[in-house]
Amino acid sequence: TNTSVASALGTFFLSQISVIFLDMLNVYKMYSELISSSISSGGPFASKTSYVKLLRSVKRETLKLIETFLDKAEDQPQIGKQNVPDARESEVLSLFATIINKYKGAMIDDVPRIFEAIFQCTLEMITKNFEDYPEHRLKFFSLLRAIATHCFPALIRLSSQQLKLVMDSIIWAFRHTERNIAETGLNLLLEMLKNFQASEFCNQFYRTYFVTIEQEIFAVLTDTFHKPGFKLHVLVLQHLFCLVESGLLTEPLWDAATIPYPYPNNAMFVREYTIKLLGTSFPNMTAAEVTQFVDGLLESRNDLSTFKNHIRDFLVQSKEFSAQDNKDLYAEEAAAQRERERQRMLSIPGLIAPNEIQDEMVDS
């Protein structure tokens, strides 16, 4: 019958596809081992030789071929092999991200093996400084975001040590001075915060990380090198301040062993902690000014626009920002104004040439 013929043909093609895919993995494995062997035996400059560069070129193209193959495939293959840092390809990270973005929740059980294969060794590569392995950095955090978006239950199953590695890597990312990496880290953090808030581990997670996250976000917010991240810094802080007033946290955020004072609630603890934190960071400001700012944060937490303006006014008035070019703090409003002006011009017939509108559509 037509059905049986189609089934037989399908089985045949699937078997051929499997063979082809295995061949690609074997090619990748062979070149990976050749590169590792050459770098290990050839010394620190071996990775710069034309021979190794040629091998890496073939290896990269193989990874791209595998990634393209996965976009069309229906299986869920997993690959991963550790080798010396200079022999590792960033495309491995984007390959895993492609797999997870394609198969989403079906990959939950595979996340621990992905962590085992590439997480620790990649962290060791990218956290030594802010310069080496730039491609690995962005693709690593893109992979983490894919996991957080589609396989969040897998993160809950991680050990406390593994979850700490994840959180430390996110904090490291948004500390980065490279805008793409910092923004990826901040977006990933926001997704993690929202997911954990909605989970049964809400108290456990925030008791462990709330204070650390608040401290780290205020550190980059008040650092003039990270002004492009202002919008996302504000969103993280708004999330935290809304959370402590929401009643969702039913356990104290403070450690009774180190802070014996029994705060009446988490909101009061966060208020006192934030006043002390900012009082230390801004010694030129009076205690009354800092207290007024923190009280304003709590009062305006449910109104994003007011909350954001309150933070921005505080920064602009501070000694650190007063002599700076602070246009990045107003970037969101400037972009909105440009869009309003563009829409106004589009609404007037003949004001913008049709070819300019077409160019805009192509660019977007």
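An account of the accompanying structure is given in this report. Computed from a predicted model, the values in this text were never measured in an experiment.

Considerations on the overall build of the protein chain
Move 1: Helices and strands together make up the secondary structure of the protein chain, namely 16 helices and zero strands.
Move 2: Taken over 364 residues, the protein chain has a buried fraction of 43%.
Move 3: Across the protein chain, every contact between residues at least 6 apart in sequence was considered, and the portion connecting residues at least 24 apart equals 69%.
Move 4: Counting every atom, the protein chain has about 19,500 Å² of accessible surface; 55% of that belongs to carbon and sulfur.

Quick word on the packing of aromatic side chains
Move 1: Per the stated rule, a full pass over the model turns up 14 aromatic pairs.
Move 2: Counting every residue linked through ring pairs, the aromatic cluster contains Phe152, Phe196, Phe205, Tyr206, Tyr209 and Phe210.
Move 3: Over the aromatic face of Tyr103 sits the side chain of Lys102, whose NZ or CZ is 5.7 Å from the ring centroid.

Points about a nonpolar patch on the surface
Move 1: Residues Met30, Leu34 and Tyr51 make up a contiguous nonpolar surface patch of roughly 280 Å² in combined accessible area.
Move 2: Note on placement: Tyr51 falls in helix H2 (residues 50-72).

So, the environment of Arg145
Move 1: Topologically, Arg145 is positioned in helix H5 (residues 134-150).
Move 2: Not counting residues within four places of it along the chain, the set of residues in contact with Arg145 comprises Asn187, Leu188 and Glu191.

Some details on helix H11 (residues 266-281)
Move 1: Over its 16 residues, H11 runs 22 Å from end to end, which matches the ideal 22 Å to within 8%, given 1.5 Å per residue.
Move 2: Inspection of H11 places Asn266, Ala267, Phe269, Val270, Arg271, Tyr273, Thr274, Ile275, Leu277 and Leu278 among the buried residues, and these make up the whole buried set.
Move 3: By the N-cap criterion, in which a side-chain oxygen at the helix start approaches the backbone nitrogen of a residue two or three places on, H11 is capped by Asn265, the distance to Ala267 being 3.2 Å.

A word on the nonpolar core
A general feature of soluble globular proteins is that nonpolar side chains tend to end up buried together.
Move 1: Residues Met192, Tyr206, Ile213 and Ile311 are the most contacted members of the largest nonpolar core, which totals 90 residues.
Move 2: Examining the composition of this core, we find that 10 residues originate from one element, helix H9 (residues 202-221), more than from any other.
Move 3: Not counting the four nearest positions on each side in its chain, Ile213 is found in contact with Met167, Leu189, Leu193, Phe205, Val236 and Leu240.
Move 4: Core analysis: the second largest hydrophobic core is formed by five residues, Tyr31, Ile35, Ile39 and Val52 among them.

Topic: empty space enclosed by the protein
Unoccupied space between atoms shows up once a probe the size of one water molecule is rolled over them.
Move 1: Applying the stated rule across the entire model yields two cavities of 30 Å³ or more.
Move 2: Together, Ile114, Phe115, Ile118, Phe119, Phe140, Leu143, Leu144 and Ile147 line the second largest cavity.
Move 3: Elements supplying a minimum of two residues to the lining of the second largest cavity: helix H4 (111-126) and H5.

Description of the pattern of salt bridges
Move 1: Overall, the coordinates contain 11 salt bridges when judged by the stated rule.
Move 2: Where Glu272 meets Arg271, a salt bridge forms, and the shortest distance between an N and an O atom there is 2.8 Å.
Move 3: A residue is classified by how much of its surface remains accessible, and Glu272, at 25% relative accessible area, is partly exposed.
Move 4: Between Glu333 and Arg312 there is a salt bridge whose closest N-O contact spans 3.1 Å. Taken as a pair, Glu333 in helix H15 (residues 331-346) and Arg312 in helix H13 (residues 304-317) lie far apart in primary sequence, 21 residues in all.
Move 5: Overall, the relative accessible area of 28% leaves Glu333 in the partly exposed class.

Describing the packing of helix H3 (residues 91-103) against H4
Geometrically, a packed helix pair is captured by the angle between its two axes and the distance between the axes.
Move 1: Running from N to C, H3 and H4 cross one another at 140 degrees; their axes reach a closest spacing of 12 Å. As summarised for this structure, H3 and H4 are arranged oblique, according to the angle between their axes. Handedness of the crossing formed by H3 with H4: left-handed. Residue-level inspection shows Val92, Leu93, Phe96 and Ile100 of H3 in contact with H4, the latter providing Ile114, Ile118 and Thr122.
Move 2: Along the lines of polarity and charge, the residues of the contact of H3 with H4 split into six nonpolar, one polar and no charged.

Structural notes on the packing of H11 against helix H12 (residues 287-299)
Move 1: Direction vectors running N to C along H11 and H12 enclose 135 degrees, while the axes themselves pass 9 Å from each other. By the angle between their directions, the pair H11 and H12 is classed as oblique. Crossing of H11 over H12 shows right-handed handedness. Where H11 approaches H12, its residues Arg271, Thr274, Ile275, Leu278 and Gly279 are matched on the opposing element by Val290, Thr291, Phe293, Val294, Asp295 and Leu298.
Move 2: Residue composition of the contact of H11 with H12, grouped by class: six nonpolar, three polar and two charged.

Description of unusual backbone geometry
Move 1: Although it is not a glycine, Lys104 sits at a positive phi angle of roughly 50 degrees.
Move 2: Mapped onto the fold, Lys104 is located in the loop between H3 and H4.
Move 3: On the accessibility criterion, Lys104 (41% relative accessible area) is partly exposed.

What about the environment of Ser199?
Move 1: Mapped onto the elements of the fold, Ser199 is located in the loop between helix H8 (179-197) and H9.
Move 2: A C-alpha to C-alpha distance of 9.3 Å links Ser199 and Pro153, two positions 46 residues apart in sequence.
Move 3: In contact with Ser199, other than residues within four places in its own chain, are Phe152 and Ile156.

Criteria and thresholds
- Residues numbered from 1 in each chain as written.
- Predicted model: local features only at pLDDT ≥ 70, side-chain atom pairs only at ≥ 80, totals over all residues.
- Heavy atoms only, no water.
- Helix = DSSP H or I, 4+ residues; strand = E, 2+ residues; numbered from the N terminus.
- Buried < 20%, exposed > 50% of the residue type's maximum accessible area, 1.4 Å probe, protein only.
- Contact = heavy atoms within 4.5 Å.
- Areas by Shrake-Rupley, 256 points an atom, 1.4 Å probe, with all protein chains shown as cover.
- Phe/Tyr/Trp six-rings, centres within 6.5 Å; stacked < 30°, edge-to-face > 60°.
- Lys NZ or Arg CZ within 6 Å of the ring centre and 35° of its normal.
- Patch = residues over 30% accessible without salt bridge, like charges linked within 9 Å, V, L, I, M, F, W, Y side chains within 5 Å.
- Salt bridge = Lys/Arg side-chain N within 4 Å of Asp/Glu carboxyl O.
- Expected span 1.5 Å × (residues − 1).
- Polar contact = N/O pair within 3.5 Å; in protein donor to acceptor, adjacent residues only side chain to side chain.
- Core = buried A, V, L, I, M, F, W, Y, C linked by side-chain atoms within 4.5 Å.
- 1 Å grid on protein atoms, 1.4 Å probe; cavity = no way out; pocket = protein on both sides within 12 Å on 5 of 7 lines; lining within 4 Å.
- Points joined across faces, edges and corners; volume = space filled by probe spheres on them.
- Axes fitted to C-alpha atoms, helices over the stretch in contact; angles between N-to-C directions.
- Parallel < 35°, antiparallel > 145°, perpendicular 65-115°, else oblique.
- Left-handed = near helix turned anticlockwise from the far one by under 90°.
- Nonpolar A, V, L, I, M, F, W, Y, C, P; charged D, E, K, R; others polar.

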